[in-house]
Amino acid sequence: MSLAKRKKVEEAIEKLDFNPNLLARTLALGRQFKVCSLFPEATNVHSYWALPKIGVDQGVEVYRDFGMELHTYEYSLFDESSFVKSADAILGKNPSGVILAPLFEKESLEFIAKLEERDIPYVFIDANIKNKKNLSYIGPDLEGSGYIAGNY
């Protein structure tokens, strides 16, 4: 597009106060956003990890019309190799992003390095690994909680 045409388009956008419709744009482009979650197994519907899984499912459902899809993966809290197996399966999906409970530090660091090599963004839940490029951490402030508990 020539500079003159671009300027006319930008002026029209400003004059009309145009706001693009994200839903229409996503549908027109046919783009899918694959989000993968990697959490410990929920042993039953009342276990600790059942609730975060439900929350992620509900959160992604809100954006399903925008092309977002969720692929859930689990690992055993008693078997590091199950974490590695699920992490490898996620890499095979080439996701748009990952929500990760990094409870096995060594294996998580190896997985994170692979995500970063591929420019795949990731978010930590329940446990935070400092000095990483995660977009966010969702969970308790354990140091702050310990400080408060220590004062009582």
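Residues numbered from 1 in each chain as written. Predicted model: local features only at pLDDT ≥ 70, side-chain atom pairs only at ≥ 80, totals over all residues. Heavy atoms only, no water.

**Q** Any details on the overall build of the protein? Residues and values, ideally.
**A** Within the protein, the secondary structure is distributed over six helices and five strands. Its helices and strands taken in sequence order, the protein reads α-α-β-α-β-α-β-α-β-β-α from the N to the C terminus. Across the 152 residues that make up the protein, the buried fraction comes to 32%. Contacts in the protein between residues far apart in sequence, at least 24 positions, make up 55% of those at least 6 positions apart. Looking at the protein as shown, the accessible area adds up to about 10,700 Å², and 56% of this sits on carbon and sulfur atoms. (Helix = DSSP H or I, 4+ residues; strand = E, 2+ residues; numbered from the N terminus. Buried < 20%, exposed > 50% of the residue type's maximum accessible area, 1.4 Å probe, protein only. Contact = heavy atoms within 4.5 Å. Areas by Shrake-Rupley, 256 points an atom, 1.4 Å probe, with all protein chains shown as cover.)

**Q** Residues and numbers for the environment of S86, please.
**A** Within the fold, S86 resides in helix α4 (residues 80-93). S86 gets classed as buried once you look at its relative accessible area, which sits at 10%. Residues S86 and T72, 14 residues apart in the sequence, show an inter-C-alpha distance of 9.5 Å. The contacts of S86, once residues within four sequence positions are left out, are L38, Y73 and E74.

**Q** Outline the pairing of strand β3 (residues 97-100), supporting the account with residue identities and numerical values.
**A** Across the two faces of β3 the burial is the same, with G97 and I99 and V98 and L100 all buried. Pairing geometry for strand β1 (residues 33-40) and β3, over four bridges, is parallel. Considered in β3, the bridge of L38 is made with L100. As judged from the three bridges shared by β3 and strand β4 (residues 122-125), these two strands associate in the parallel manner. Along β4, the bridge assignment pairs I99 with V123. For the crossover from β3 across helix α5 (residues 105-117) to β4, the handedness is right-handed. (Pairing = 2+ DSSP bridges. Right-handed = clockwise from strand over helix to strand, strands pointing away.)

**Q** Just give me the short version of the nonpolar core, but keep the residues and values in it.
**A** Where a protein is soluble and globular, its nonpolar side chains tend to be buried together. One finds L38, F83, V98, L100 and F111 to be the most contacted residues of the largest nonpolar core, which totals 27 residues. Contributing elements (two or more residues each) for this core: β1, α3 (50-62), β2 (68-75), α4, β3, α5 and β4. F111 has contacts with L38, F83, A87, I90, L91, V98 and L100, leaving out every residue within four places of it along the chain. (Core = buried A, V, L, I, M, F, W, Y, C linked by side-chain atoms within 4.5 Å.)

**Q** Describe the confidence of the model for the protein, with residues and values.
**A** Looking at the protein, the pLDDT average stands at 84 and 87% of residues meet or exceed 70. The spread of mean pLDDT over the elements of the protein runs between helix α2 (residues 22-29), the lowest at 54, and α4, the highest at 96. (pLDDT = per-residue confidence, 0-100.)

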